[in-house]
Amino acid sequence: MPSLQSVRGTQDLLPAQMRRHRAVTETARRVAERYGFEEMATPIFEFTEVFERPIGETTDIVSKEMYSFTDRGGETVTLRPENTAGVVRAVLSNGLTQSTPLKFFYSGPMFRYERPQKGRFRQFHQIGVELIGVAQPQADIEVIAAGARILDELGILARTELELNTLGDTASRQAYRAALIAYYGDHLAGLSEDSRRRLERNPLRILDSKDGGDIRVNAGAPPYSDYLNETSRDFFAAVRRGLDAIGIAYRINARLVRGLDYYCHTAFEFVTSDLGAQGTVMGGGRYDGLVGVMGGPETPGVGWAAGIERLAMLIAEPRGATRPVAVVPVGEAAELPALRLAETLRRAGFAIDEAYSGNVGRRLKRANKIAARAAILLGEDELARDAATVRDLDSGEQITVPLASLADHLARFR
Ligand code: ATP
Ligand code: MG
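Fair warning: this is a prediction, and the values are worked out from it, not measured in the lab.

About the criteria used
- Residues numbered from 1 in each chain as written.
- Chains lettered and ligands numbered in written order.
- Predicted model: local features only at pLDDT ≥ 70, side-chain atom pairs only at ≥ 80, totals over all residues.
- Heavy atoms only, no water.
- Axes fitted to C-alpha atoms, helices over the stretch in contact; angles between N-to-C directions.
- Helix = DSSP H or I, 4+ residues; strand = E, 2+ residues; numbered from the N terminus.
- Parallel < 35°, antiparallel > 145°, perpendicular 65-115°, else oblique.
- Contact = heavy atoms within 4.5 Å.
- Nonpolar A, V, L, I, M, F, W, Y, C, P; charged D, E, K, R; others polar.
- Buried < 20%, exposed > 50% of the residue type's maximum accessible area, 1.4 Å probe, protein only.
- Arc of directions from axis to C-beta.
- 1 Å grid on protein atoms, 1.4 Å probe; cavity = no way out; pocket = protein on both sides within 12 Å on 5 of 7 lines; lining within 4 Å.
- Points joined across faces, edges and corners; volume = space filled by probe spheres on them.
- Near = heavy atom within 4 Å.
- Polar contact = N/O pair within 3.5 Å; in protein donor to acceptor, adjacent residues only side chain to side chain.
- Pairing = 2+ DSSP bridges.

1. Things to note about the packing of helix α2 (residues 48-55) against helix α4 (residues 84-93)
Part 1 of the argument: Two numbers describe how α2 lies on α4: the axes approach to 9 Å, and their chain directions differ by 110°. Classed by the angle they form, the pair α2 and α4 counts as roughly perpendicular. On α4, the residues touching V50, F51 and P54 of α2 are A85, G86 and R89.
Part 2 of the argument: Its residues placed into classes, the contact of α2 with α4 shows four nonpolar, one polar and one charged.

2. What about helix α14 (residues 360-369)?
Part 1 of the argument: Along α14, the positions that sit buried rather than exposed are R363, L364 and A367. Buried residues along α14 cover an arc of 100° about the axis, so they all sit on one side. Residues of α14 that are exposed and point over 90 degrees away from its buried face: R362, K365, N368 and K369.
Part 2 of the argument: On its buried face, α14 sits against β12 (325-329), α13 (335-347), β14 (374-378) and β15 (387-392).
Part 3 of the argument: A371 lies just past α14 and shows a positive phi near 60°.

3. Observations concerning the layout of surface pockets
Part 1 of the argument: Volume-wise, the second largest pocket comes out at about 390 Å³.
Part 2 of the argument: In this structure, the second largest pocket is lined by 15 residues; those nearest its centre are R19, R22, R319, G320 and A321.
Part 3 of the argument: Of the residues belonging to the lining of the second largest pocket, the class tally is six nonpolar, two polar and seven charged.

4. Re the site of ligand 1
Part 1 of the argument: As a structural note, the neighbourhood of ligand 1 is formed by 14 residues, with R112, E114, R120, F121 and T280 the closest of them.
Part 2 of the argument: In this structure, R120 approaches ligand 1 through a side-chain N or O atom, which is 2.9 Å from an oxygen atom.
Part 3 of the argument: Backbone polar atom of T280 to an oxygen atom of ligand 1: 2.9 Å apart, as the coordinates give it.
Part 4 of the argument: Mapped onto the shell around ligand 1, the elements with two or more residues apiece are β6 (123-132), β10 (280-286) and β11 (301-307).
Part 5 of the argument: Here the element with the most residues in the shell around ligand 1 is β10; it accounts for three residues.
Part 6 of the argument: When grouped by side-chain class, the residues that make up the shell around ligand 1 number five nonpolar, four polar and five charged.

5. Let's talk about the sheet that holds strand β4 (residues 76-79)
The strands making up a sheet are joined through hydrogen bonds of the backbone, oriented either antiparallel or parallel.
Part 1 of the argument: Ordered in space as β2-β4-β3, the three strands form an open sheet in which the pairing is antiparallel. Two strands lie at the open edges of the sheet, namely β2 (45-47) and β3 (67-70), each paired on one side alone. Each adjacent strand pair in this sheet contributes to an overall mean axis angle of 30°, direction not counted.
Part 2 of the argument: Direction of pairing for β3 relative to β4: antiparallel, over a ladder of four bridges. Each bridged residue has a counterpart across the sheet, and for T70 the counterpart in β4 is T76.
Part 3 of the argument: Against the sheet, α2 makes contact with β2, β3 and β4, and its axis sits at roughly 75° relative to β2, the strand it touches most.

Next comes the structure, spelled out in structure tokens:
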């Protein structure tokens, strides 16, 4: 019955899994705020153009991975494959380019038509930050530091490694592009078909190809460092100095590239060897050309995005939900008073479970099953005395407490 299955590459987040996702998102949001990133959200779908223009029609994302469709009104829209383009679109739509620096945090679902495997889904979730309007390397340092701090507070920084590279400024990149096109042009036979296709439009991308033939050709490719001008070298040195100063360790990876034209200077990834092939948990960099490409005034930017599913797999089991207190009426006459008591206690902030039916034994069984911390037994005796019997379900101890002081008494179980 295929119609009762979830769509390939999507998954249900049942409570145990959702707790992990929430732990990731809530930690990230809290830490991001400490760095001044305020949460915002953009729509889950945008006009296709929003992604096509900046991401570029020759990239894998646009040519193969986008969920695009024509809606009933004839508009061509796309489920967002990533959120940076949406954030920049929002900055432009809301006329915020004069209010920089802008610092945003976001979280939410993204959609890519990829081959599903461990850590790779068609609907997945990302957290991310964008810092728009600051051209100085301080922004890159702060963005990376916020990412590292989030990983640390999730308890997984030590399981990741920060890989760092520079893509230089436009002039350096043009010089390097030309050098690469010339080099690859002499080694066409050794390149994969994908790479031959990328050669004119996106030669930098060939550098991080996983194809065996490409890797052999890449071994002899000229290094970017030969083509970086002074501005680019200075910028990279400043980023490294800043990271050193705040004790963030990194490894230079000259093969780390983001192929799109609007990326420049800093590129980085936090990677782990604990997730198999899908080892990148967080990726980001500087995108000074993006706002311009999308039709706005030239505005620098830097940011990162991280996959919540991958982070959720790495973190320790989060603390479970608050253990509730079960209200158990004893006898028919106690049903309504129990209902009223449950409601009063919920208003006072307690997590209360009401076992819906059955005798006392059955209701207490349910209380145990849901790991209730205590049970409040309400029977004729208690009602006559305006009291309730509170049973500590861990120790088995029970005492009778006047209703007036019940909330104070329960506070110990929170
Ligand atoms: P990858 O190399 O794994 O395909 P990417 O370069 O496409 O990653 P980005 O577009 O930079 O990834 O997205 C940032 C992060 O989002 C990734 O590092 C990863 O943690 C997560 N991510 C990307 N695609 C998926 C996916 N299909 N399923 C789950 N997580 C994903
Ligand atoms: Mg990808």
